[in-house]
Amino acid sequence: MSNNETTSALSEGAQTLLKNLQETLNEEKWTRASLGNYSTSQFKELDVILKNARNEKAVDELKKNCDDHLSHTRNSIIALYLSGMIALSRQIIDDSAMINLVSIFLDNHKWNIVKYLCERILDHGESKYALRTLADCYKNDNEDEKVFEIWERLVKVDFDEADIVKSLAEHKEKQKNQEEAVDYYKKALHRFINKANFANIREIWEKLISIDIEDIDFFLHIQKKIAKSVSEDKTVTLLNELYVKYKEKNIDTAINILKIILEYDEKDTHARKEIIDCYRKKYASHSQLEKYSSTILSQSYRAVHLAIADFEKHIAFDKGNFVFHRTWGVGRIASIIGEEIKIDFSKKRGHVMKLKMAVDALQTLPKDHIWVLKATKKRDELRDIILKEKEKDTNNNIIWTLKTIIKSFDNYCDMKKIKAELSPDLLTAGEWSTWSSKARDILKSNPDFGISPENSDFFIVRERPVSVTEKLYNEFSAQKNFHDKVSAIRDYTNNKKADPDSEYFAEMFSYFTSFLRANQNAEYAVSGYLLINELSLNKNYTHLKSALTVSFADVFSNLKDIPLYFKNLKDAKLRTEFLENVKLHINEWPDIFVKIFPYSQLITITEQLEEAGHEDKLSQVCNDCFDNYRDNREAIVWLYKNSKEKKWFKVANIGVEKQLITLIHILDITYRDIDNHKDTTENKKINKLVHNILFKDGELTDFIKNADEDAITRIFAFINGVKDLDPQDKLNLRIKITEKYPDFKFFGDVEKKISIGFMVTLAMLEEQKRQLAHIQEVEIPKNSKEIEDARLYGDLKENAEYKAAKEKQDNLNYQMTKLKEEIEKAQPFDPKLINTSMISFGTKVFLFNETAQKQEEYTILGQWESDSNKNIISYLSPFGNAILYKKEGERFEFAINDERISYLVEKITPAEF
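**Points about the overall build of the protein chain**
- Counting its regular elements, the protein chain contains 44 helices and 15 strands.
- By the compact-globule yardstick of 29 Å for 913 residues, the protein chain is too spread out, its C-alpha radius of gyration being 39 Å.
- For the protein chain, the proportion of its 913 residues judged to be buried stands at 47%.
- Sequence-distant contacts in the protein chain: of pairs separated by 6 or more residues, those separated by 24 or more amount to 58%.
- Looking at the protein chain as shown, the accessible area adds up to about 47600 Å², and 47% of this sits on carbon and sulfur atoms.
- Across the protein chain, the mean location of the 137 positive side-chain charges is 3 Å away from that of the 150 negative side-chain charges.

Pasting the structure below:
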């Protein structure tokens, strides 16, 4: 459409507005009005023009006219302002027009106009340029408090700015606002570390030691970043300053600091000397201190970490301390005399062994270790402590239990280990279920617990309560996968207690912005863009929008395989946002949607293609999917379930028979892939969906009702060829076919053995489940207790009680495994499906034994229900299998022990069960 056609399509008011604008632009160009004549009121008049353009729906034309004018008059004040403000209102990344405009007035020291323009820019979101310029304006006017207010906004969007953060910290300290001063000093420290500016790092480190020495967790966390970004030797310098403060304050923390120093420099003689002094101070009352410190720590030729580990292992051996032996359990050291140690184990008191052997063979335990508590307290007493059922608030006992167990295992423990210590020894399976649910909530919310930075499944106990901010940061750090980190940062932004301005958040956020800057991983760059855009919609994180320095079209253009990217994009929100951005910013979006559909059957894809009039593309998608069904299994299932009544699906002209045969092929393929352990989870899901469509939803039955005999023959041939399909499904289909065509000839026999399971009555299935539960919840816990009790009798090789308990354990495990497998295979039979037109599961059959000249009757059920005393036989037994599918009046022979017996089927009735 030409410019004239576009203009003529506008309203009369819009045409007048554009005409007046062009005259104003020409007048500005010809008269070359002096900048000194401009005031804020003239820009307010331009805002009125913008408002009128929106009312007249002429914004696009107005911007185009301004941009055309700027192409030959680049410093037009009017065009720069109008074009720039429209771009800002549309969140367009390019803000060069407004920056050029501000620069013009800035160069001419028109401060009031500069402030006005910056504030107009900021009306549409935070801008680093506008904030810096506005701060310069207030500085020029000597309005210091306003400068600091703007700086506080600036450092939220400029994550690289460090000097201003330091100035803010100093300002807060002068105001006696200690808490905010500390926060800004920590923020500044993080940023100077990123810049590797050691002079400023040391200055702020020393400042934080003087005003916030208690936050040892922060110092130990940040020193790792300094070592990585600056150097280990400079980190040692800082740690020595921290050590001096803690030497008299907390000896354990001081030792920990020295260990870190020695990790960086094991030849540091000062640290080695200091750690010996600290150990002497800590263990001053230990009976073996002099011996161990002189023979272990003072040997300068030994590797320092081996010496420390050796010393700590030896020093733990002292009278009254607890130890653990893998056979005798927990014991208490009665005495150490020379090189001999005497230990009292519960079933082996006064056991004497060489000290060297004890150090090698025994594990020392603190008195509050969970194993010590189990050994020294009665079970009921310990249960009472753990549960405290009589108290209304049971959280305190859960917290105590969690801390006890986690600390027992080097302050690094997951729920699996916690369960192993509590159930079934102290808690039943039911009690554990209730208790663990509360425990998980406490581990997540209580500030005394943290997440291990190495593994998000493991918990630690904090010496100092952790803030929500740091707890969420640790969860983020522990995630190794990009999309797990996406979930973690979402949890952070959705938590009202998490600090949006924390440097912890800045570090998390920089992980995603780094992909936009580096442009090395196109997939992560696109996902990062989408995530940042999503997070900026949160009212507390709107400032994040400024981090998007590139457009979606830019990052999208680097994607090499769009369908593969979308297939691997498991995050539902990012998927939705990706489609929205593709449609909004990419002209070829319909073709992209078509390519994506087979990998993700979102109804929004088909709906938007429909709305845009692309039914022809959808019809082509249908044909492509059905023609290549092996690669598009999930898409075919989705299309069949959701779109077969759509006009574009019908236009694809895929016959009902072809649709069903394709689904049967998919059923067969997924069975085979499951057997071969190929994409098992996905194939099981598709298999179940297809099976439900064909059998549960009655699609095959409906087809049989309306199809001719030839079509049914073809369909049944395909069904019969699916070897892993439950024979009951084949039998039910066979019955439906014979109801319509009594003389229908079946080519090939229906399988008579169940390959994927076996039929049972619902009552017997429930009984087997109860038996399994009894083994798991009663028999196995009881046996575990028997094994533990038997261990106490000593040497396991000659321990008859222990051997008997272990044999019982093997038997119980076998029973449990067998029951589990059978229950998994069992398929409950629906009594409504009983078919008395032939002998089948759930029928009672009356036979005449022509050989013996007598009547016999049998009930046909499954292997669990069979009972020879009641003439109930399994349909899987030789005789049961032989009489299956026989009809009234039919004769047959059955061979047993070389004798052939002739039978006549007299009557078939429903069985009672």
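Still to come is the rest of the account.
**Quick notes on the sheet that holds strand 13 (residues 872-874)**
- One open sheet holds the five strands; their spatial order is 13-12-11-15-14, and the pairing between them is mixed. Because the sheet does not close on itself, it has two edges, and the strands there are strand 13 and strand 14 (891-896). Each strand of the sheet is rotated relative to its neighbour by a mean of 45 degrees, with strand direction disregarded.
- As paired strands, strand 11 (residues 843-849) and strand 12 (residues 854-861) are joined by six bridges and run antiparallel to one another. Across the sheet, Leu847 pairs through a bridge with Glu856, a residue of strand 12.

**Here we look at the nonpolar core**
- Of all hydrophobic cores here, the largest spans 206 residues; its most connected members are Phe43, Leu62, Tyr81, Leu117, Leu242, Phe552 and Phe578.
- It is helix 5 (residues 77-89) that provides the largest number of residues to this core, a total of nine residues.
- The contact partners of Phe552, leaving out residues within four places of it in the chain, are Val526, Tyr529, Leu530, Phe578, Asn581, Val582, His585 and Ile586.
- In this structure, Met759, Val760, Val845 and Ile860 belong to the second largest nonpolar core, which totals 36 residues.

**Some words on the packing of helix 7 (residues 111-122) against helix 8 (residues 128-140)**
- At a closest axis distance of 9 Å, the pairing of helix 7 and helix 8 adopts a crossing angle of 145 degrees. The hand of the helix 7/helix 8 crossing is left-handed. Side by side, helix 7 and helix 8 meet where Trp111, Val114, Lys115, Cys118, Glu119, Ile121 and Leu122 of the first sit next to Ala130, Leu131, Thr133, Leu134, Cys137, Tyr138 and Asn140 of the second.
- Broken down by class, the residue content of the contact of helix 7 with helix 8 amounts to ten nonpolar, two polar and two charged.

**Concerning the environment of Lys195**
- By the element assignment, Lys195 lies in the loop between helix 11 (178-194) and helix 12 (198-211).
- In this structure the C-alpha to C-alpha distance between Lys195 and Ile532, which are 337 residues apart in sequence, comes to 24 Å.
- Excluding residues within four positions of it along the chain, Lys195 makes contact with Asp160 and Ala162.
- Reaching out from Lys195, the side chain makes a polar contact with the backbone oxygen of Asp160 at a distance of 3.2 Å.

**A closer look at the packing of helix 11 against helix 12**
- Between helix 11 and helix 12, the least distance of the axes is 9 Å, while the angle of their chain directions is 150 degrees. Relative to helix 12, the element helix 11 is oriented roughly antiparallel. Crossing angle aside, the handedness with which helix 11 passes helix 12 is left-handed. Between helix 11 and helix 12, the contacting residues are Gln178, Val182, Tyr185, Lys186, Ala188, Leu189, Phe192 and Ile193 on the first element and Asn200, Ile201, Ile204, Lys207, Leu208 and Ile211 on the second.
- For the contact of helix 11 with helix 12, the residue count by class is ten nonpolar, two polar and two charged.

**Quick notes on the side chain of Glu699**
- With respect to the element layout, Glu699 can be found in helix 39 (residues 699-706).
- Glu699 gets classed as buried once you look at its relative accessible area, which sits at 18%.
- A distance of 2.9 Å separates polar atoms of two side chains, one belonging to Glu699 and the other to Lys644.
- Setting aside residues up to four positions removed in sequence, Glu699 forms contacts with Tyr640, Lys644, Leu660, Ile693 and Leu694.

**Comments concerning the pairing of strand 11**
- Counting buried residues in strand 11 gives five out of seven residues, a clear majority hidden from the surface.
- Note: strand 11 against strand 15 (residues 899-910), seven bridges, orientation antiparallel. In the sheet register, Asn849 faces strand 15, and the bridge partner there is Tyr903.
- Counted along the chain from strand 11 to the antiparallel partner strand 12, the turn is four residues long, and its residue Gln853 has a positive phi close to 55 degrees.

**Overview of helix 31 (residues 572-585)**
- Taking 1.5 Å per residue, 14 residues should reach 20 Å; helix 31 reaches 20 Å between its end C-alpha atoms and fits that length.
- Those residues of helix 31 that sit buried are Leu574, Arg575, Glu577, Phe578, Leu579, Asn581 and Val582.
- Its side-chain oxygen at 3.1 Å from the backbone nitrogen of Lys573, Asp571 defines the N-terminal cap of helix 31.

**Structural notes on the confidence of the model for the protein chain**
- On average, residues of the protein chain carry a pLDDT of 88, and 95% of them reach 70 or more.
- In the predicted structure, residues 1-6 sits below a pLDDT of 50 and forms three contacts with residues beyond four places in sequence or in another chain.

**Things to note about a negative patch on the surface**
- A surface patch of like charges, here negative, comprises Glu232, Asp233, Asp265 and Glu266.
- In this structure, Asp265 sits in the loop between helix 15 (251-264) and helix 16 (269-282).
- For Asp265, a relative accessible area of 33% puts it in the partly exposed group.

**Considerations on the packing of aromatic side chains**
- Under the definition given, this model contains 45 aromatic pairs.
- Centroid distance Trp205 to Phe219: 5.1 Å. Interplanar angle 75 degrees. Geometry classified as edge-to-face. Of this pair, Trp205 sits in helix 12 while Phe219 sits in helix 13 (residues 216-229), placing them 14 residues apart in sequence.
- Taking the relative accessible area as the measure of exposure, Trp205 reaches 0% and is therefore buried.

**Here's the deal with the sheet that holds strand 8 (residues 458-461)**
- Strand order across the open sheet formed by three strands is 6-8-7, with antiparallel pairing between neighbours. The two strands at the open ends of the sheet, each matched to only one other strand, are strand 6 (413-414) and strand 7 (449-451).
- Taken together, the two bridges between strand 6 and strand 8 define a ladder with antiparallel strand orientation. Paired with Asp414 across the bridge in strand 8 is Phe458.
- The strands touched by helix 22 (residues 395-408) within the sheet are strand 6, strand 7 and strand 8, with strand 8 carrying the most contacts at an inclination of about 105 degrees.

**A look at the state of the cysteines**
- Applying the stated criterion across every chain, the model contains zero disulfides.
- Cys118 takes part in no disulfide bond, and the closest cysteine sulfur, belonging to Cys137, lies 5.6 Å away.
- Since its relative accessible area comes to 0%, Cys118 is described here as buried.

**So, unusual backbone geometry**
- In this chain, Ser423 is followed by Pro424 through a cis amide linkage whose omega measures 10 degrees.
- Within the chain, Lys57 stands out as a residue other than glycine whose phi angle is a positive 55 degrees.
- By the element assignment, Lys57 lies in the loop between helix 3 (40-55) and helix 4 (59-70).
- Positive phi, normally seen in glycine, also occurs at Gln853, with a value near 55 degrees.

**Quick word on the pattern of salt bridges**
- Under the criterion given, the structure shown has 56 salt bridges.
- A salt bridge links Asp360 to Lys356; the nearest nitrogen and oxygen atoms lie 3.6 Å apart. Here Asp360 and its partner Lys356 are both found in helix 19 (residues 355-361), four residues apart, which amounts to about one turn of the helix.
- Overall, the relative accessible area of 61% leaves Lys356 in the exposed class.
- Salt bridges linked by common partners bring Lys374, Lys417, Glu421 and Asp425 together as one network.

Procedures and definitions
- Residues numbered from 1 in each chain as written.
- Predicted model: local features only at pLDDT ≥ 70, side-chain atom pairs only at ≥ 80, totals over all residues.
- Heavy atoms only, no water.
- Helix = DSSP H or I, 4+ residues; strand = E, 2+ residues; numbered from the N terminus.
- Rg over C-alpha atoms; globule rule 2.2 N^0.38 Å.
- Buried < 20%, exposed > 50% of the residue type's maximum accessible area, 1.4 Å probe, protein only.
- Contact = heavy atoms within 4.5 Å.
- Areas by Shrake-Rupley, 256 points an atom, 1.4 Å probe, with all protein chains shown as cover.
- Lys, Arg positive; Asp, Glu negative; His and termini not counted.
- Charge placed at Lys NZ, Arg CZ, Asp CG, Glu CD.
- Pairing = 2+ DSSP bridges.
- Axes fitted to C-alpha atoms, helices over the stretch in contact; angles between N-to-C directions.
- Core = buried A, V, L, I, M, F, W, Y, C linked by side-chain atoms within 4.5 Å.
- Left-handed = near helix turned anticlockwise from the far one by under 90°.
- Nonpolar A, V, L, I, M, F, W, Y, C, P; charged D, E, K, R; others polar.
- Polar contact = N/O pair within 3.5 Å; in protein donor to acceptor, adjacent residues only side chain to side chain.
- Parallel < 35°, antiparallel > 145°, perpendicular 65-115°, else oblique.
- Expected span 1.5 Å × (residues − 1).
- pLDDT = per-residue confidence, 0-100.
- Patch = residues over 30% accessible without salt bridge, like charges linked within 9 Å, V, L, I, M, F, W, Y side chains within 5 Å.
- Salt bridge = Lys/Arg side-chain N within 4 Å of Asp/Glu carboxyl O.
- Phe/Tyr/Trp six-rings, centres within 6.5 Å; stacked < 30°, edge-to-face > 60°.
- Disulfide = S-S within 2.5 Å.

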